[in-house]
Amino acid sequence: KAGVTQTPRYLIKTRGQQVTLSCSPISGHRSVSWYQQTPGQGLQFLFEYFSETQRNKGNFPGRFSGRQFSNSRSEMNVSTLELGDSALYLCASSTDRGEDTQYFGPGTRLTVL
Amino acid sequence: DQQVKQNSPSLSVQEGRISILNCDYTNSMFDYFLWYKKYPAEGPTFLISISSIKDKNEDGRFTVFLNKSAKHLSLHIVPSQPGDSAVYFCAATRSGGSYIPTFGRGTSLIVHP
C-alpha cells in the first residue's frame, strides 16, 4: 500500500506571496491532518479534514487554510507569506478515530525569503 | 500552554546501553499515548503506543511505561543502536472520537558507536 505523499518536497517563496501544498493520503484513509514543524517547537497542529469537512482546527491565523477533495486528497494554502512561516509542513492520514495511528508524509520544506 | 512536555531536548547514549526518553502531560483526559520517531528529511513514523488501561507495552527493543498518577510516560530502548539516532516525539490523545494527538517538542537521541 502506498504511503502518504506530499508535493512539492521543497519550496522557496518570498514574503507576501501565497503557496499551495498538496497531500495524498493512504488509500482508504479519510482523515487528513496538517502540522507545522519548526526547530524547537515540535509539531504544531494546523487543521484536520474528514470527508471534505474541516473537523478540527489549531491556533493558526486565517492566512492558513485548507480543503479536502472527494478522493480524500487535501491541499493547504498559506496566503501573504511571512518569514516566520518557514517550516516543514507535514501531512498525516488516518482512518478515523483519535487513537488510530497517524501516518505521516515526508513533508514539504517551505522557505520564505 | 504545553499539554505534552518533553523536557530533554537531547540525549546522548552509548551503543548497547539503555536509552530512556521521558514525557509528561497535564491533561487528565488523555487516555492514549504514542511515540513517533523522525529522521531528518522524513516524516515521523509510528513507533509504539499505550492505552491508559495498561502501564506497560513492549515491542522488541522498545518498551513504553505509563504512570497515570504522575501523568508521566517513558520510552525505553534496549539495547540502543546507532540507527536509533533520531528525534523522538511523544503524543497524547483521547480515544473513541475524532481527537487530534497533541505532540511534545521532541527529544533528539544520539547513539554513539
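Small disclaimer: the values here were computed from a predicted structure and weren't measured.

Cut-offs and rules
- Residues numbered from 1 in each chain as written.
- Chains lettered and ligands numbered in written order.
- Predicted model: local features only at pLDDT ≥ 70, side-chain atom pairs only at ≥ 80, totals over all residues.
- Heavy atoms only, no water.
- Pairing = 2+ DSSP bridges.
- Helix = DSSP H or I, 4+ residues; strand = E, 2+ residues; numbered from the N terminus.
- Patch = residues over 30% accessible without salt bridge, like charges linked within 9 Å, V, L, I, M, F, W, Y side chains within 5 Å.
- Areas by Shrake-Rupley, 256 points an atom, 1.4 Å probe, with all protein chains shown as cover.
- Salt bridge = Lys/Arg side-chain N within 4 Å of Asp/Glu carboxyl O.
- Buried < 20%, exposed > 50% of the residue type's maximum accessible area, 1.4 Å probe, protein only.
- Phe/Tyr/Trp six-rings, centres within 6.5 Å; stacked < 30°, edge-to-face > 60°.

**Q** Hey, could you run me through the sheet that holds strand 3 (residues 19–25) of chain B in this one?
**A** Two pairing modes exist for strands in a sheet, parallel and antiparallel, and in both the strands are linked by backbone hydrogen bonds. Residues and elements named next belong to chain B. With antiparallel pairing, the five strands of this open sheet are ordered in space as 1-3-8-7-6. Looking along the sheet, the strands with just one partner apiece sit at the ends: strand 1 (4–5) and strand 6 (56–59). Relative to strand 8 (residues 72–77), strand 3 runs antiparallel, the two sharing six bridges. Residue pairing for strand 8: Asn22 is matched across the bridge by Ser74.

**Q** Where do I start with a nonpolar patch on the surface in this structure?
**A** Residue and element names in this part refer to chain B. A cluster of nonpolar side chains, Ile18, Ile20 and Val78, forms an exposed patch at the surface whose accessible area comes to about 230 Å². Mapped onto the elements, Val78 comes out in the loop between strand 8 and strand 9 (86–93). For Val78, a relative accessible area of 42% corresponds to the partly exposed category.

**Q** Any chance you could explain the packing of aromatic side chains here in plain terms?
**A** Working definition: an aromatic ring pair is given by the centre-to-centre distance plus the angle between the planes. Tallying each qualifying case throughout the model produces 11 aromatic pairs over all chains. For the ring pair Phe104 of chain A and Tyr36 of chain B, a centre distance of 5.4 Å and an interplane angle of 85° mean the geometry is edge-to-face. Taken together, the residues Phe104 of chain A in strand 10 (residues 103–104) and Tyr36 of chain B in strand 4 (residues 32–38) connect one chain to another. Here Tyr36 of chain B falls in the buried class, since its relative accessible area comes to 0%. Among the aromatic residues, ring-to-ring pairing joins Tyr35, Phe45 and Phe104 of chain A together with Tyr36, Phe46 and Phe103 of chain B into one connected group.

**Q** For this particular structure, what's the right way to read the pairing of strand 7 (residues 62–67) of chain B?
**A** Two faces, one strand: in a regular strand the side chains alternate between the faces of the sheet. Residues and elements named next belong to chain B. As paired strands, strand 6 and strand 7 are joined by four bridges and run antiparallel to one another. Among the inter-strand pairings, Asn57 is bridged to a residue of strand 7, identified as Val64. Two successive antiparallel strands, strand 6 and strand 7, enclose a turn made up of two residues, where Gly60 displays a positive phi of approximately 65°. As paired elements, strand 7 and strand 8 share six bridges and run antiparallel to each other. Among the inter-strand pairings, Phe65 is bridged to a residue of strand 8, identified as Ser74.

**Q** Which parts of the structure should I look at to understand unusual backbone geometry?
**A** Only a minority of non-glycine residues have a phi that is not negative, and only a minority of peptide bonds are not trans. Look at the link from Thr7 of chain A to Pro8 of chain A: it is a cis peptide, with omega at -10°. For Pro8 of chain A, the location among the structural elements is in the loop between strand 1 (5–7) and strand 2 (10–13). In this structure, the amide linkage connecting Val78 of chain B to the following residue, Pro79 of chain B, adopts the cis form with an omega of -15°. Residue placement: Pro79 of chain B occurs in the loop between strand 8 and strand 9. Notably, Ala41 of chain B is not glycine yet its phi reads approximately 65°, a positive angle. Topologically, Ala41 of chain B is positioned in the loop between strand 4 and strand 5 (45–51).

Geometry only, nothing functional implied.
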